[in-house]
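# Residue-level structure breakdown
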Amino acid sequence: MEQQDIFERLRNGEIIPANDPQGYQMREASYETKKLLVQMNSSSNPAEIRSLLSRITDRVIDESTAVFTPLYINYGKHTQIGKNVFINFNCTFLDLGGITIEDDVLIGPNVSLLSEGHPVSPENRHSLVSKSIHIRKNAWIGAGATILQGVTIGENAIVAAGAVVSKDVPANTIVGGIPARIIKNIE
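Just so it is clear, the structure is predicted and the values come from calculations on it, not from any experiment.

Moving on, we get to the overall build of the chain. When helices and strands are tallied, the chain shows three helices and 18 strands. Taken against the 2.2 N^0.38 rule, which gives 16 Å for 187 residues, the C-alpha radius of gyration of the chain at 16 Å falls within 12% of a compact globule. Taken over 187 residues, the chain has a buried fraction of 45%. Sequence separation of at least 24 residues holds for 25% of the intrachain contacts in the chain that already meet a minimum separation of 6. For the chain, the exposed area adds up to about 9,700 Å²; of that, 51% sits on carbon and sulfur atoms. Each charge class in the chain can be summarised by its mean position, and for the 17 positive and 20 negative side chains these summaries are 5 Å apart.

Strand pairs in the sheet, formed through backbone hydrogen bonds, run parallel or antiparallel to each other. Strand order across the open sheet formed by seven strands is 1-4-7-12-15-17-18, with mixed pairing between neighbours. Every interior strand has two partners, whereas the edge strands, strand 1 (66–67) and strand 18 (181–185), have only one. Sheet topology note: the strand 12 (residues 140–141)/strand 15 (residues 158–159) ladder contains two bridges and is parallel. Counterpart to Ile-141 in the pairing with strand 15 is Val-159.

Time to look at the packing of helix 2 (residues 24–41) against helix 3 (residues 46–57). One can describe the packing of helix 2 onto helix 3 by two numbers: an axis separation of 9 Å at closest approach and a directional angle of 170 degrees. Looking at the two axes, helix 2 sits roughly antiparallel to helix 3. On helix 3, the residues that touch Thr-33, Leu-36, Leu-37, Gln-39 and Met-40 of helix 2 are Ile-49, Leu-52, Leu-53, Arg-55 and Ile-56. Per-class residue counts for the contact of helix 2 with helix 3 are seven nonpolar, two polar and one charged.

This paragraph deals with the sheet that holds strand 16 (residues 164–165). Across the sheet, five strands lie side by side as 2-5-8-13-16; this open sheet has parallel pairing. Unpaired on one side and paired on the other, strand 2 (71–73) and strand 16 mark the two borders of the sheet. By the bridge criterion, three bridges tie strand 5 (residues 91–94) to strand 8 (residues 112–114) in an arrangement that is parallel. When the bridges of strand 8 are listed, Thr-92 appears paired with Ser-112.

A few words on the pattern of salt bridges. In the structure shown here, the tally under the stated rule is four salt bridges. The residue Arg-9 makes a salt bridge to Asp-20 at a minimum N-O spacing of 2.3 Å. Within this pair, whereas Arg-9 is found in helix 1 (residues 6–11), its partner Asp-20 is found in the loop between helix 1 and helix 2, the two being separated by eleven residues in sequence. Taking the relative accessible area as the measure of exposure, Asp-20 reaches 8% and is therefore buried. Each of Arg-9, Glu-14 and Asp-20 takes part in a single network of salt bridges with overlapping partners.

Parameters at a glance
- Residues numbered from 1 in each chain as written.
- Predicted model: local features only at pLDDT ≥ 70, side-chain atom pairs only at ≥ 80, totals over all residues.
- Heavy atoms only, no water.
- Helix = DSSP H or I, 4+ residues; strand = E, 2+ residues; numbered from the N terminus.
- Rg over C-alpha atoms; globule rule 2.2 N^0.38 Å.
- Buried < 20%, exposed > 50% of the residue type's maximum accessible area, 1.4 Å probe, protein only.
- Contact = heavy atoms within 4.5 Å.
- Areas by Shrake-Rupley, 256 points an atom, 1.4 Å probe, with all protein chains shown as cover.
- Lys, Arg positive; Asp, Glu negative; His and termini not counted.
- Charge placed at Lys NZ, Arg CZ, Asp CG, Glu CD.
- Pairing = 2+ DSSP bridges.
- Axes fitted to C-alpha atoms, helices over the stretch in contact; angles between N-to-C directions.
- Parallel < 35°, antiparallel > 145°, perpendicular 65-115°, else oblique.
- Nonpolar A, V, L, I, M, F, W, Y, C, P; charged D, E, K, R; others polar.
- Salt bridge = Lys/Arg side-chain N within 4 Å of Asp/Glu carboxyl O.

Here it is in structure tokens:
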């Protein structure tokens, strides 16, 4: 039986060992994405930015979505961005595990969405582990926040500036701190 494509294996949360025979494909894909990122991050034209981001993600970016560049993405094809989304300057998306951003989401400057990580055990440290990130409708991710792999941010939730989120955030709550904890409910 033929092994699944490495990108599907990553999307499915499989641990990819450092010596995986398909591992080189991740770097090659990242360099291809980087070529488009250089063009996108050099543009100040919103339509051109959306067009290049559509090529990077292999999905149409709606004209209601605004992206202030620079934006850094290591792969792109596992990122889905909804309508009326705002992504501020200098964000980083590591999306091999998948990133879904629903409609009406606000993402502040210097936000990192990191769907990838490494095992804790030293002997497997160079392996890659990925789990998807899901940001639900109308959430607001504050400046400098970091969302780690496997996290869902609930509808209408707010992540305070500088927070590091390692666990799911319930809908209609505000979280902050390191690690992020619920600060209050939104009435």
